[in-house]
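Observations on chain architecture
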Amino acid sequence: MRPDVIFSTGGYIAIPTLIAAWLTRTPSLLWEGNVQAGRSNTLVARLATHRAVAWPQTAERAPWRGTSTTVTGTPVRALSADRGAARAARGLTENDRLLLVFGGSQRVRRFERALDGALETLLAEWHVLHVVLEGLPDAERRRAQLPEAVRHRYRPVEFLGRTEMEAALVAADLLLGRAGASTIAESAAAGLPAIIVPYPYAGGHQRANAEAAAASGAATLVDDEDLSPERLLESVAAYDTPERRSAAARAAATLARPEAADVTARLLIDLAGAR
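So, here's what we can say about the structure.

Some words on the packing of helix α5 (residues 109-122) against helix α11 (residues 229-237)
Closest axis-to-axis distance for the α5/α11 pair is 7 Å, and the angle between their directions is 50°. Classified by the angle their axes make, α5 and α11 are oblique. α11 is crossed by α5, and the crossing has right-handed handedness. Counted together, Arg113, Ala114, Leu115, Gly117, Ala118, Thr121 and Leu122 of α5 and Pro229, Leu232, Leu233 and Val236 of α11 form the full contact between these two elements. Taken together, the residues of the contact of α5 with α11 sort by class into eight nonpolar, two polar and one charged.

Laid out in structure tokens, this is it:
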């Protein structure tokens, strides 16, 4: 195809692609979204014409450091939804608190087990919007077993489409989620405090993301094996006051890079122009 520029975001396919780009002198941009870079990206980073990283911590490490690396942040959806309108659409008043439970692209049984033992207590103070994917039948049974007085405060949904997810991020007061690059970037863009439970596998890269978010004050880090009903209630209770949520929201906003997509696109245009 003789491309003018190659944009790679990692995975095993990055290895032959970046080798081919290097051999054919095709300009390439390699992007890494995690604090702890993946093995494939680390292996071929030196072959890329330019490198982009989401976190400044990544740019401090070999082979990412140097003038051939730009800290771009993670491109995310534009969050233009109005918070008041998004909350009103869910029947929330100004004083209601909404916890968004979202495990990324996978069903998270660890979250479900923690909710099983904590949900009735949690719903006394919080509304819960739970994205469950294929776990919807189990979630509906969970909801049916709740006391009628609080049942309406738990809303499981199979999936949230693009505009629905945007509205949920803007409407929520707290997130329970994994530590994928996009989850952290979107919660930061929304100024949304988070309880982050890093996925313990896949090389453990999510833990480094979670540690960086927690160090900023934007999130509470809970290890996967530690997420019990009691630990969940304790972690949520830390965000009970508006002052604590506001402080964490301000910290989350410091991690946001709303210009990430534009910066990345400009790098690609410049590399293609150089060819």
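Resuming the write-up.
Notes on helix α13 (residues 260-274)
Taking 1.5 Å of rise per residue, the 15 residues of α13 would be expected to cover 21 Å, and the 21 Å separating its terminal C-alpha atoms lies within 8% of that figure. If you check which residues of α13 are buried, you get Ala260, Thr264, Leu267, Leu268 and Leu271. One side of α13 holds all its buried residues, which, seen down the axis, span an arc of 95°. Exposed side of α13, more than 90 degrees from the buried face: Asp262 and Gly273 are the residues found there. Its buried side turned inward, α13 meets β1 (6-8), β2 (28-32), β3 (50-53) and β4 (69-71).

So, how was this worked out
- Residues numbered from 1 in each chain as written.
- Predicted model: local features only at pLDDT ≥ 70, side-chain atom pairs only at ≥ 80, totals over all residues.
- Heavy atoms only, no water.
- Axes fitted to C-alpha atoms, helices over the stretch in contact; angles between N-to-C directions.
- Helix = DSSP H or I, 4+ residues; strand = E, 2+ residues; numbered from the N terminus.
- Parallel < 35°, antiparallel > 145°, perpendicular 65-115°, else oblique.
- Left-handed = near helix turned anticlockwise from the far one by under 90°.
- Contact = heavy atoms within 4.5 Å.
- Nonpolar A, V, L, I, M, F, W, Y, C, P; charged D, E, K, R; others polar.
- Expected span 1.5 Å × (residues − 1).
- Buried < 20%, exposed > 50% of the residue type's maximum accessible area, 1.4 Å probe, protein only.
- Arc of directions from axis to C-beta.

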